[in-house]
Structure formats: C-alpha cells, structure tokens
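In case you want the letters, here they are:
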Amino acid sequence: MNIIYESTRNSNDRVTASQAILRGLAPDGGLYVPEKIPSFDKTLDEFAKMDYRECAYEVMKLFLTDFTEEELKHCINSAYDEKFDTPEIAPLVKADDSYFLELYHGRTLAFKDMALSILPHLLTTSAKKNNITDEICILTATSGDTGKAALAGFADVPGTRIIVFYPKHGVSKVQERQMVTQKGDNTCVIGIEGNFDDAQSGVKKMFGDKELNAKLKENGIVFSSANSINIGRLVPQIVYYVFSYSRLVAKNAIKAGDKINVVVPTGNFGNILAAYYAKRAGLPIDKLICASNDNKVLFDFFKSGVYDRNRDFILTTSPSMDILISSNLERLIYELTGRNAEKNAALMESLKQTGKYEISDEMKKDLEDFRGGFATVEEVSAQIKKLYENDKYVLDTHTAVASKVCDEYKKETGDNKPVVIASTASPYKFMGSVLTAIDKKYEGMDDFALADELEKLSGMKIPQAIIDLKTAEVRHKIVCDKTEMQKTVLSVLGI
Ligand SMILES: *Cc1c(COP(=O)(O)O)cnc(C)c1O
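Quick look at the structure, then.

Reading the values: the criteria
- Residues numbered from 1 in each chain as written.
- Predicted model: local features only at pLDDT ≥ 70, side-chain atom pairs only at ≥ 80, totals over all residues.
- Heavy atoms only, no water.
- Near = heavy atom within 4 Å.
- Polar contact = N/O pair within 3.5 Å; in protein donor to acceptor, adjacent residues only side chain to side chain.
- Areas by Shrake-Rupley, 256 points an atom, 1.4 Å probe, with all protein chains shown as cover.
- Nonpolar A, V, L, I, M, F, W, Y, C, P; charged D, E, K, R; others polar.
- Pairing = 2+ DSSP bridges.
- Helix = DSSP H or I, 4+ residues; strand = E, 2+ residues; numbered from the N terminus.
- Axes fitted to C-alpha atoms, helices over the stretch in contact; angles between N-to-C directions.
- Buried < 20%, exposed > 50% of the residue type's maximum accessible area, 1.4 Å probe, protein only.
- Contact = heavy atoms within 4.5 Å.
- Parallel < 35°, antiparallel > 145°, perpendicular 65-115°, else oblique.
- Left-handed = near helix turned anticlockwise from the far one by under 90°.
- 1 Å grid on protein atoms, 1.4 Å probe; cavity = no way out; pocket = protein on both sides within 12 Å on 5 of 7 lines; lining within 4 Å.
- Points joined across faces, edges and corners; volume = space filled by probe spheres on them.
- Phe/Tyr/Trp six-rings, centres within 6.5 Å; stacked < 30°, edge-to-face > 60°.
- Lys NZ or Arg CZ within 6 Å of the ring centre and 35° of its normal.
- Expected span 1.5 Å × (residues − 1).
- Salt bridge = Lys/Arg side-chain N within 4 Å of Asp/Glu carboxyl O.

**Here we look at the site of the ligand**
Around the ligand lies a shell of 15 residues, among which Lys 112, Gly 267, Asn 268, Asn 271 and Thr 424 are the nearest. A distance of 2.6 Å separates an oxygen atom of the ligand from a polar atom in the side chain of Lys 112. Burial of the ligand by the protein amounts to 96% of the accessible area it has alone, namely 380 Å². In terms of residue class, the shell around the ligand is built from 5 nonpolar, 8 polar and 2 charged.

And the structure:
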C-alpha cells in the first residue's frame, strides 16, 4: 500500500514520504501526516524474533512507502550500529515493577539520538530520489540537547553540512562543551550574543528569506531543518515501542496480544505521538500516559480539553520538557477533528492569536486512550531516591517524571497491566540533579568528580561521551551578535 502524506492544515497539499522529509514543515505551516495509518503486516510473535534493525525495517517500510527495500535498509544499517554502546540499541530493563525502555545508548546520551542517527540518511536518500543534487545545509537553533544530537547525526554525512546556533550564555557547561568539541568537517557551531528565542527567530528568518535562498541555490546549496516535527524523526520513533513489546514477548513477560500501558516523559509531544501511531498500527497498547513536569500544559489539556499556554514558564530539573507549545500535538488534534484540516487550522490560529484553544466534547471522547499526569521538581528528586534505594537503579530527571506519574496512575486506578516507561536520558547527562536527589553530600561537586561517584553508585560504566569531553579539543570558536547571523552563515559557507 502506498502512503501519501497530507498537511494538517490543507488536505490538498499531498506529498510522498521522501518529499515530506525534505520539506519538514508544510508550506501552509501545517505538519505532514500519513493519509491513513498502516497496519503491521508481521505478527507480534514474528516481531519477537527480530533484532532492532529488522524490527526497524518492518515498521518503517509501512510508513515510508516510496523508499525501496535497499534504500531503507541502507539508512537503518548506517544509523543503528556501533554508535550505540549496546548491540540491543534500546534495552528494556525491569526495575521497581516497571519496564524501562532505555533510549539513551546513542552518542549524545538522550533519546533524540534514536531519530537523529537516521534522519541524515533518510534526508540524503530523499534528496537523491527527488533528483536534488544541491548540498543540504541543516540550520538549527538549540537550547542544548537537540543541537548536539543533530551535530552528531550529520557529522561527516556526505552531501550535508550542519550549522548550529546556540545562546552563548544560555546553555549548561556540559552542553556547550559537547557542542564546541564536535568533530566532522561539515559541522559548524556558533554561539550568539542573545537568548534562545533570538537564535530561533534568526534561523526562521533565514529559512523564509527568498533572496538568501536564491543566493544559496546559485551556489548549489539548499537549507533544511532537523526539527522534531519532521516525519523523518517521528517514524523512527515508532520502532522502539514495537521493539519493547517484542522484548516482553521474547522474555515471556507477556503473551503476544496482551495489553500494556506506556508512560512517556513529554515536551514537544513527538515521542508519545509515535507510541500513539504504534497503537493505531496494531500494537496492543491500552493507555498512553503523558507525563509532564511543572510546565503541565498537557496535563491540563487532557483534563479539561483546553490548551492554554498563557502561564509562567517554569525552569525545572528536566529542562528538555520545559515547553509550553507542544508542536506535535497538532497531529493528534487533526485526528480528533476527524482529519478536518479547516477545523484544525482554526484551532491553531486561535493558539497563535490568543495562546489557547478548546476542543469540542465530541473531540474529547476520542481522547480516551490518553491520560495526563505531572510531577513536581521535589517529587522527581524523591522518585530518583526511591528507585535507587529500592532497586539500585538510577533514573535521570526526565525519566523520573514518568516513573512518578506511573506510580500515581497505578495507585489511582488499580490498573496493573505491564508498563513500559520511555527512559529518555542517561543519568550521566543530568548528574548534578540526579546525585543530589540521592544524597545532599554531592551538592556543588564538579562534573567529572560527579561522574566517578555516579559510576560507583549505579554500577553503570561512565559513557565514552562523558570521558571524551574531558580531553576533547575545542573546535568551534565563532561567536556573533544576534543581528549578524546571516552574515556569519554566508561567511561559513564561503559565499
Ligand atoms: C526531547 C526530550 C524529551 C521530550 O520529548 P518530546 O518528543 O519533545 O515530547 C524528554 N526527555 C528528554 C531527555 C528529551 O531530550
């Protein structure tokens, strides 16, 4: 079956999967969604016998139907290899009566690697299929994690370059060091004198600047984006839910067909949306539990049907979930409207104009699969301590949000189905918060000392990515004013 993608704001805008990957966002500002969600053509028992790569092929082929078998397998094999520190790629670990799906074994220690390892290959293959011979230049603004994962993914991928802007004084020391030491001849990292919003609007402006784009075209270069709304990031995320279920079957923890619940620590709503697609494609998931931190816009939405971003932005210990506009939620809203682009566009316009929208009672009925929950900074610390004391298992702050929400859900409902918790970052990435949650004596210690302590506590070896940071050479030193981003890009590209 051939799957075409349509924009959530204009169902006449229809493109192939490879075109949707190349475009990222639809020209009308909508997101591309598959015109229908395909069903698995392998049984759950068959999935249980597959390794990660085989599973990835069987899932992704259903969504990216204009890729040949050879093309898709090439992308998968180039992504899921020794870059991950375990051949399982995404191990499933039981602790405290839940199953933690560890999605942080890639190079930058967070789940973004699961998609950003393969996106460069999907993108260059898509370019080839559509006879685009220009070099693809990825432009990204980052508040920390996405930039590094994108840099690592695109480094030395032929036919691509990547330029990342970050707020010079607005990221953590570890995050900055991770970025400015990035290897790869095609990578460039630029600090700007300005905040994340300045970086983000500077990049958006360049994407929309016709004159600039024409100038690049003359020089054989096109801009593209590695943003999380690209279906080239969403589809690879469906895979690991299927994989986690297949491990449960393989371990005899469940029988094929038994229902499970999943809990996902959520920010932009991409990860949990992938779980929703997995369910629609036939994975026996019962509840999709959306876990938020103190920025609980989504919790309130699932409770009331009102999405309202008009509130204070709270800085928490789980910064990758500090988000008030969850872009990927638009794809779910589109489904709830009965795939009505006009209705969806009106709600999104309301969000833009007033910062809020409300869905109808009829739409609310279709939200039954979802549950919202949230955990405060204090609850997250207590949860990290609890898991460590009960099971010697160390969670990062984001995963701890999900783990706490999971406990609350079980307590409130008595629902004791097996639970898979998406574990989105290595505890090594947020060592300060994690260790002080376990014991106050770690407060104020420097990062490399903390790493040694965490290794002793967790028995989990210090990841190479952390060891390398200590000695890595600083390769990127460009700093520019927020008003000079375009000039700097042209100079980096030698135009
Ligand atoms: C990005 C991120 C999240 C949020 O994922 P979304 O797909 O944006 O909902 C959660 N945890 C970590 C560690 C992340 O980096």
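What follows picks up the thread again.
**Observations regarding the sheet that holds strand β1 (residues 5-7)**
What the 3 strands build is an open sheet, ordered β2-β1-β3; its pairing is antiparallel. Each edge of the sheet is formed by a strand with only one pairing partner; in this case those strands are β2 (10-15) and β3 (32-34). Adjacent strand axes in the sheet meet at a mean angle of 40° when their direction is disregarded. As judged from the 3 bridges shared by β1 and β3, these two strands associate in the antiparallel manner.

**Comments concerning the sheet that holds strand β14 (residues 370-374)**
Taken in spatial order, the 6 strands make up an open sheet running β4-β5-β15-β10-β11-β14, and their pairing is mixed. Each of the sheet's edge strands pairs with one partner strand only, and the pair in question is β4 (92-95) and β14. Recorded for the sheet is a direction-independent mean angle of 25° between the axes of neighbouring strands. Here β4 pairs with strand β5 (residues 98-102) via 4 bridges, running antiparallel.

**A few points about the side chain of Asp 415**
With respect to the element layout, Asp 415 can be found in the loop between α18 (397-413) and β15 (419-423). Residue Asp 415 is classed as buried on the basis of its relative accessible area of 13%. Side-chain polar atoms of Asp 415 contact the side chain of Tyr 409, separated by 2.6 Å. Contacts of Asp 415, omitting those with residues within four sequence positions, involve Asn 261, Asp 286, Tyr 409 and Lys 410.

**Considering the packing of helix α3 (residues 52-63) against helix α11 (residues 231-250)**
Contact geometry for α3 and α11: axes closest at 9 Å, N-to-C directions at 130°. By the criterion of interaxial angle, the relationship of α3 to α11 is oblique. Note on packing geometry: the crossing formed by α3 with α11 is right-handed. For the pair α3 and α11, the contacting residues are Tyr 52, Cys 55, Ala 56, Val 59, Met 60 and Phe 63 in the first and Val 235, Pro 236, Ile 238, Val 239, Tyr 240, Val 242 and Phe 243 in the second. In terms of residue class, the contact of α3 with α11 is built from 13 nonpolar, no polar and no charged.

**Considerations on the layout of surface pockets**
Considered as a void within the structure, the second largest pocket measures approximately 520 Å³ in volume. Lining of the second largest pocket is provided by 22 residues; of these, Arg 107, Lys 148, Gln 464, Ala 465 and Asp 468 occupy positions nearest its centre. Elements represented by at least two residues in the lining of the second largest pocket include exactly α7 (145-154) and α21 (464-471). The leading source of residues in the lining of the second largest pocket is α21, at 4 residues.

**Examining the packing of aromatic side chains**
Enumeration over the complete set of coordinates arrives at 18 aromatic pairs. Seen from their ring centres, Phe 301 and Tyr 307 are 6.1 Å apart, and the 65° between their planes marks the pair as edge-to-face. Here Phe 301 matches Tyr 307 in class, with each residue buried. Look at Phe 302 and Phe 370: their rings are 5.4 Å apart centre to centre, the planes differ by 10°, and that puts the pair in the stacked class. Residue Phe 302 is located in helix α13 (residues 297-304), and its partner Phe 370 is located in strand β14; the two are separated by 68 residues in the primary sequence. Take Phe 302: its relative accessible area is 15%, and that puts it in the buried class. The aromatic ring of Tyr 57 is capped on one face by Lys 73, whose charged end is 4.6 Å from the ring centroid. Taking NZ or CZ as reference, Lys 296 lies 5.2 Å from the ring centre of Phe 374, over its face.

**Brief notes about helix α17 (residues 377-391)**
Helix length check: α17, at 15 residues, gives a terminal C-alpha distance of 21 Å against a target of 21 Å (1.5 Å per residue), a fit within 8%. Directly beyond the C-terminal end of α17, a positive phi value near 55° is found at Lys 392.

**What to know about the pattern of salt bridges**
Under the criterion given, the structure shown has 32 salt bridges. One salt bridge in this structure joins Lys 279 and Asp 369, with 3.3 Å as the shortest N-O distance. Here Asp 369 lies in the loop between α16 (361-365) and β14 and Lys 279 lies in helix α12 (residues 270-280), a separation of 90 residues in the sequence. Residue Asp 369 is classed as partly exposed on the basis of its relative accessible area of 24%. The closest approach of N and O atoms between Arg 371 and Glu 412, which form a salt bridge, is 4.0 Å. One end of the pair, Arg 371, is in strand β14; the other, Glu 412, is in helix α18, with 41 residues separating them in the sequence. Each of Glu 6, Arg 14, Glu 35, Arg 280, Glu 335 and Arg 339 takes part in salt bridges that share partners, so that together they form one network.

**Thoughts on the pairing of β2**
Bridge analysis of β1 against β2 gives 3 bridges, and the strand direction is antiparallel. Bridge pairing in β2 places Glu 6 opposite Arg 14. Linking β1 back to β2 in an antiparallel pair, the connection comprises 2 residues.

Honestly, that's just the spatial picture; any functional story needs more than this.
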